[in-house]
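Summary of the model geometry
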Amino acid sequence: MTWLLLGLSLIPQDRLPVPEAGAQRDAEKFFKDLFKDEYKGRSDPEKRILAQKLYTQALELKDHPARKFVALRQAYDVALQGNALDRAETALAALREQFAAPVAALKLAILAVRAKTTTEYKAHANDHLDVAVEAADEEDFDTAAKAVKSASDFARKAKEAALVGKADAVAKEVADRKAKFDVIRRAKDVLKANPADPAANLTVGRHEALAKGLWEVGLPYLEKSADETLKKLAQWDLAGPTRPEDQLAVADGWWDAGEKEAEPAKAALRRRAGAWYAKCAATAPASAKARVTERLKAAGTAVKTSLGPFKLDDEGAIRHWLLLGPFEKPYNAAIKEDFLGGEAKAKPGAGLEQGAFTWTPHAAESGKVVLSPVIWPPKDHTTVYAACWVEAEADVKAVLRIGSDDGYKLWIDGEHVGGDWAPRGFKWDQNSHDVTFSKGRHLLLMKICNWERGFEFAVRVTTKNFEVPQGLTIRN
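Residues numbered from 1 in each chain as written. Predicted model: local features only at pLDDT ≥ 70, side-chain atom pairs only at ≥ 80, totals over all residues. Heavy atoms only, no water.

Some points on the overall build of the protein chain
Along its length, the protein chain carries 16 helices and 13 strands. Taking the principal axes of the C-alpha coordinates as reference, the protein chain spans close to 85 × 60 × 45 Å. By the burial criterion, 47% of the 476 residues in the protein chain qualify as buried. In the protein chain, the share of contacts with a sequence separation of at least 24, taken over all contacts with a separation of at least 6, comes to 71%. By element, 52% of the accessible surface of the protein chain is carried by carbon and sulfur atoms, the whole surface being about 23,800 Å². Each charge sign in the protein chain was given a centre, from 71 positive and 69 negative side chains, and these centres are 2 Å apart. (Helix = DSSP H or I, 4+ residues; strand = E, 2+ residues; numbered from the N terminus. Buried < 20%, exposed > 50% of the residue type's maximum accessible area, 1.4 Å probe, protein only. Contact = heavy atoms within 4.5 Å. Areas by Shrake-Rupley, 256 points an atom, 1.4 Å probe, with all protein chains shown as cover. Lys, Arg positive; Asp, Glu negative; His and termini not counted. Charge placed at Lys NZ, Arg CZ, Asp CG, Glu CD.)

So, in structure tokens, the structure goes:
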């Protein structure tokens, strides 16, 4: 069984979160009703059959994560009750592969059942040591302590001196990690009473970001921490800059911070720097190219670039753009000024420099492109250009539906289609333009000018009946 327990730790990084308790309860009721008669079974064969049915149901569930999670967990529980340990292991492997769920305690339960009937003490000792380490990784130190004690007992029954020594070493490692975690736990208790406490924020932030690699969790703590360097870098990072020069500054900052740290914090900071170097690798200034390439390699970061094709979203919105700016000028003057030295003749391209700025790819999380965090730092009275190419498989008649905060201008293939100059708050579909995209690729250029506060826009491509037209893709 050792091969299985080791294999369970080789898991993908894009797993689903564990469903909320309420959704799990609803899913449990669903399956208890669906298999009402099967759940009444008491014999081992009946439980094995139910476990297999639940596991099969889980494999077929594509769009209901709560039911998938509960089906796998129930398959594990029922199989364990029926002494079908192979089926319990299979369900547990699928659960761990697809969900970010702690499973060390569940593995230990399988080992406990198997241990009642086997004499393979050496194998059991190794299996329990694997579980102990994984439980410590999950910060489940009660399970880790139980597992390492069982490992030590089995190693002694096997009369394997080297294995006993390994168990003692793992026990010490678990105890050391628990002591460090107790410091983290106490810091979290402090933050419950005083969320702004700088020292506690630093302790928790370093643990989450530098130790566990959970930067999305750790950055908000570091932003409020007592370490001025990490605090400033966290603020920059959370601002989400998209201009290459700003992304490069964030990357260099994390890298320099790492040079002052010992391992493993140094490696963690280098990886964070690498994530930012990857964002600007294609668009960094020529003078920085060699440094970016060298540090990406040192950080072990792969660079992924994609310019499409991308689909319109379910509402016909364009989410993938090239952005340029921000140009700072009072609103009324900015609307009239041509910052490109020929807006109708503009030729955008990822990584191409235009004056002091660089055309930078941006993928919006929704159909509404929020520019405030994109231009960095955000300011009032600024202008941004947004460009993309609409590619048509055949001639397509469409309606461009525009919402913006504040005014905008629109060009297609260099022809000024229209715009709205009045300062305003964002609403969907505030303006519409009838267009025909002939077969081929067409450049769509937007100029969005901000008066103050909110700064966002959206472009939806639909038919007159608000349907999403077929045969159109987006490139940026």
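Some remarks on the environment of Glu-138
One can find Glu-138 in the loop between helix H7 (121-137) and helix H8 (141-157). Note: C-alpha distance between Glu-138 and Val-103 (35 residues apart in sequence) is 8.5 Å. When neighbours within four sequence positions are excluded, Glu-138 is seen to be in contact with Arg-96, Ala-101, Pro-102, Val-103 and Ala-104. Among the polar contacts made by the side chain of Glu-138, one reaches the main-chain amide nitrogen of Val-103 at a distance of 3.0 Å. (Polar contact = N/O pair within 3.5 Å; in protein donor to acceptor, adjacent residues only side chain to side chain.)

Digging into the sheet that holds strand E10 (residues 431-437)
With antiparallel pairing, the four strands of this open sheet are ordered in space as E5-E12-E7-E10. A single partner strand is all that each edge strand has here, and the edge strands are strand E5 (369-370) and E10. As judged from the two bridges shared by E5 and strand E12 (residues 456-462), these two strands associate in the antiparallel manner. Bridge pairing in E12 places Val-370 opposite Glu-456. (Pairing = 2+ DSSP bridges.)

Section: the packing of aromatic side chains
Summed over all chains, the structure comprises twelve aromatic pairs. Between Trp-255 and Tyr-277 the ring centres are 6.3 Å apart and the planes differ by 65 degrees, which places this aromatic pair in the edge-to-face class. Of this pair, Trp-255 sits in helix H13 (residues 244-258) while Tyr-277 sits in helix H14 (residues 265-280), and the two are 22 residues apart along the sequence. Each member of the pair, Trp-255 as well as Tyr-277, is classed as buried. Between Phe-327 and Phe-357, the ring centres sit 4.9 Å apart and the planes meet at 75 degrees, which makes this aromatic pair edge-to-face. With Phe-327 in strand E1 (residues 320-328) and Phe-357 in strand E3 (residues 357-358), the pair connects residues that are 30 residues apart, well separated along the chain. Its relative accessible area of 11% is what places Phe-327 among the buried residues. Chaining the aromatic ring pairs together yields one cluster made of Phe-327, Phe-339, Phe-357 and Tyr-385. Taking the ring centre of Phe-30 as reference, the NZ or CZ of Arg-67 above it sits at 3.7 Å. (Phe/Tyr/Trp six-rings, centres within 6.5 Å; stacked < 30°, edge-to-face > 60°. Lys NZ or Arg CZ within 6 Å of the ring centre and 35° of its normal.)

Quick word on the pattern of salt bridges
Applying the stated criterion across every chain, the model contains 35 salt bridges. The partner of Arg-73 in a salt bridge is Asp-77, with the nearest N and O atoms 3.4 Å apart. Taken together, the residues span about one helical turn, with Arg-73 and Asp-77 both in helix H4 (residues 65-81) at a distance of four residues. Relative accessible area serves as the criterion here: at 32%, Arg-73 is assigned to the partly exposed category. The class of Asp-77 is partly exposed, set by a relative accessible area of 22%. Residues Glu-391 and Arg-475 are paired through a salt bridge, measuring 3.0 Å at the closest nitrogen-oxygen approach. Of this pair, Glu-391 sits in strand E6 (residues 382-392) while Arg-475 sits in strand E13 (residues 472-475), and the two are 84 residues apart along the sequence. Arg-475 sits in the partly exposed class, given a relative accessible area of 23%. (Salt bridge = Lys/Arg side-chain N within 4 Å of Asp/Glu carboxyl O.)

Structural notes on the environment of Glu-452
With respect to the helices and strands, Glu-452 occurs in the loop between strand E11 (440-449) and E12. For the pair Glu-452 and Glu-343, spaced 109 residues apart in the sequence, the C-alpha separation amounts to 24 Å. Sequence-distant contacts of Glu-452, defined by excluding residues within four places in its chain, comprise Asp-380 and Asp-406. Side-chain polar atoms of Glu-452 contact the side chain of Arg-453, separated by 3.2 Å.

Focus: the packing of helix H11 (residues 215-222) against helix H12 (residues 228-239)
Orientation of H11 relative to H12, taken along the N-to-C sense of each, is 125 degrees, at an axis distance of 8 Å. Between H11 and H12, the angle falls in the class oblique. Like other packed secondary-structure pairs, H11 and H12 cross with a definite hand, here left-handed. Counting all contacts with H11, which are made through Leu-219, Pro-220 and Leu-222, the residues of H12 involved are Leu-230, Lys-231, Ala-234, Asp-237 and Leu-238. Broken down by class, the residue content of the contact of H11 with H12 amounts to six nonpolar, no polar and two charged. (Axes fitted to C-alpha atoms, helices over the stretch in contact; angles between N-to-C directions. Parallel < 35°, antiparallel > 145°, perpendicular 65-115°, else oblique. Left-handed = near helix turned anticlockwise from the far one by under 90°. Nonpolar A, V, L, I, M, F, W, Y, C, P; charged D, E, K, R; others polar.)

Details of unusual backbone geometry
Across the junction of Gly-325 and Pro-326, the peptide omega takes the value 10 degrees, indicating a cis bond. Secondary-structure assignment places Pro-326 in strand E1. Residue Asp-406 is reached from Asp-405 by a cis peptide bond, and omega for that bond is 10 degrees. Note that Asp-406 resides in the loop between strand E7 (396-405) and strand E8 (407-412). Of note in this structure, Asn-83 is not a glycine but carries a positive phi near 60 degrees. Its location among the elements puts Asn-83 in the loop between H4 and helix H5 (85-98).

A short note on the pairing of strand E9 (residues 415-420)
In terms of strand pairing, E8 meets E9 through five bridges, oriented antiparallel. The partner of Leu-410 across the bridge, within E9, is Gly-418. Hairpin connection between E8 and E9: a loop of two residues separates the two successive antiparallel strands, and Asp-413 in this loop has a positive phi of roughly 55 degrees.

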